[in-house]
Amino acid sequence: MRILVYGAGVLGCNLADNLYRAKKDVTLLARGTWAKHLNQNGLHMKRTFHLRETATRIPVITRLEQEDCYDVIFVVLRYTQLDSVIETLRINGTKNIVFVGNNVRPAHYVALLPEKNVMFAFALSAGHREPERVVSLDLKKITIGQLKDTSSNEILIGRIFAGAGYRVIYEPNMEDYLLCHAVFVLPAAFACYYADGDLRKLKGDTVYWNRMVDADIEGYRAIERAGRNILPAGDTDYESAAYRKTCLRFFGLMCATGLGKICASDHAMNAIEEMSALNRDMKAFFDETGAEYPAWQALERDAGRYLMEI
C-alpha cells in the first residue's frame, strides 16, 4: 500500500515516521528548506519521554504530480491551507483522501472532491518543529472515519494502520466529532492568547478555567440543539458537575506543567491564522443555529490583539 503524507509539520512528520517504521510504503511531501533538510539529513524525531532522538530516511517529494497515484493521501495541513491543495487533489488519480486536523466544514471539502473517497482524522500528537528536528508528544492515537450516512471505510482504515502500533478509533460521524473538538480546542487557544503564550500565568486561576468550561458548554449546547451528536459519547454529560470537575482538572494540569506548552500554546501561537479561521466558522455555526454564546465572546475579547479578522 502506497501512502503519501502531504504536509511535513509536527503532525505529518509523526504520522509519516510511525507508518514508515511499521514498514509501510510511505512518502512525505515537504516544501522549501525543510524538504531540502529532510532529503539531506533524514527525519530526526525527539519524542517526549524518549531518551534518544531517532532518524529515518523517508522518501521526500516537493509536489504531487497528476499521474503520481497512491492508495491513500493523508493531507496534514492547517485548516487555512486546505483550499490551496483542492485542485491538486482533484486532478490527481488517488481515490482515498484523508484530511487530518482541525476542520469545522468537512462537508464542504467532500463536496469539492465529488469523485474521491474523502475521510477525516484527528491524531493525538503535538509539539514543535526546530531547524534540525521535530520535538513532539505523540500518543499514537487517531480518530478517523467519514461523514455520517456514507460508505464505511473501517476495513480500509484497518489495513492502513495494521501493525503501526496506533490506537485507532473508527468514527462514522466525523463531521460532528470535529465540530465538538473545535468547541473544546478554541477556548484553550483563547487562554493561550490571553496569557501571551505562557499558560503558567493562569496557574491556579480557577475563575478563568471556569469561564473556559462555560464557553465549552455553550458550544456543546449549540451543537446538540442543532440536532447534531455530542462526540465522543463520553462528553454527552457536559452539563454535569462531574464534567466540569474533569475539565478543571485538565486545565489545571495544562497551566501547571509543561504540557500546556507542548499540547496547546506551541500550536496556538504558531497558528493564529488557523485558530482565527476556526473561530470565525464556529461563530458562523452558532449564529446560523440561533445560539447564544456570551462566555465564548468574552474569552474572545480577552484574547485581544492575537485573533485576526479572516
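Residues numbered from 1 in each chain as written. Predicted model: local features only at pLDDT ≥ 70, side-chain atom pairs only at ≥ 80, totals over all residues. Heavy atoms only, no water.

A. The packing of helix α7 (residues 206–225) against helix α11 (residues 294–302), seen in detail. Two elements in contact, α7 and α11, have axes whose closest approach is 7 Å; the angle formed by their N-to-C orientations is 130 degrees. On the basis of their axis angle, the class for α7 and α11 is oblique. The interaxial crossing formed by α7 with α11 has left-handed handedness. On the side of α7, the interface is formed by Tyr208, Arg211, Met212, Asp214, Ala215 and Glu218, while α11 contributes Pro294, Ala295, Trp296, Ala298, Leu299 and Asp302. (Axes fitted to C-alpha atoms, helices over the stretch in contact; angles between N-to-C directions. Helix = DSSP H or I, 4+ residues; strand = E, 2+ residues; numbered from the N terminus. Parallel < 35°, antiparallel > 145°, perpendicular 65-115°, else oblique. Left-handed = near helix turned anticlockwise from the far one by under 90°. Contact = heavy atoms within 4.5 Å.)

B. Quick look at the packing of aromatic side chains. Evaluation of the coordinates by the stated rule reveals 15 aromatic pairs. For the pair phenylalanine 184 and phenylalanine 251, a centre-to-centre distance of 5.9 Å together with 20 degrees between the ring planes defines the contact as stacked. Placement of the pair is phenylalanine 184 in helix α6 (residues 174–194) and phenylalanine 251 in helix α8 (residues 241–256), with a sequence separation of 67 residues. On the basis of relative accessibility, which here comes to 26%, the residue phenylalanine 184 falls in the partly exposed class. With a centroid separation of 6.2 Å and an interplanar angle of 65 degrees, the aromatic rings of tyrosine 220 and tyrosine 243 are classed as edge-to-face. (Phe/Tyr/Trp six-rings, centres within 6.5 Å; stacked < 30°, edge-to-face > 60°. Buried < 20%, exposed > 50% of the residue type's maximum accessible area, 1.4 Å probe, protein only.)

C. Structural detail: the pairing of strand β2 (residues 25–29). Across the five residues of β2, four count as buried, placing the element largely inside the fold. Summarising the sheet, strand β1 (residues 2–6) and β2 pair through five bridges and their orientation is parallel. If you follow leucine 4 over to β2, its bridge partner there is threonine 27. Of the crossover connections in this fold, the one passing from β1 over helix α1 (residues 10–21) to the parallel β2 is right-handed. Judged from the two bridges that link them, β2 and strand β5 (residues 60–61) form a sheet pairing that is parallel. In the sheet register, leucine 28 faces β5, and the bridge partner there is valine 60. (Pairing = 2+ DSSP bridges. Right-handed = clockwise from strand over helix to strand, strands pointing away.)

D. Summary view of unusual backbone geometry. Here the residue pair leucine 231 and proline 232 is connected by a cis peptide bond, since its omega of -5 degrees sits within 30 degrees of zero. Along the chain, proline 232 turns up in the loop between α7 and α8. You will see that lysine 140, though not glycine, has its phi angle at about 50 degrees, which is positive. Located in the positive-phi region is aspartate 149, a residue other than glycine, with phi close to 65 degrees. Summarising the element assignment, aspartate 149 is placed in the loop between β9 (134–145) and α5 (154–161).

E. Molecular detail of the pattern of salt bridges. Per the counting criterion, the structure on display carries 19 salt bridges. Each of Asp17, Arg21, Arg47 and Asp138 takes part in one network of salt bridges that share partners. (Salt bridge = Lys/Arg side-chain N within 4 Å of Asp/Glu carboxyl O.)

F. The arrangement of the environment of glutamate 274 in detail. Along the chain, glutamate 274 turns up in helix α10 (residues 272–288). The buried category is assigned to glutamate 274, whose relative accessible area is 3%. Sequence spacing of glutamate 274 and histidine 50 is 224 residues, and the spatial spacing of their C-alpha atoms is 30 Å. Sequence-distant contacts of glutamate 274, defined by excluding residues within four places in its chain, comprise Arg78, Tyr79, Thr80, Asn102 and His267. Polar contacts involving the side chain of glutamate 274 include one to the side chain of histidine 267, which spans 2.6 Å. (Polar contact = N/O pair within 3.5 Å; in protein donor to acceptor, adjacent residues only side chain to side chain.)

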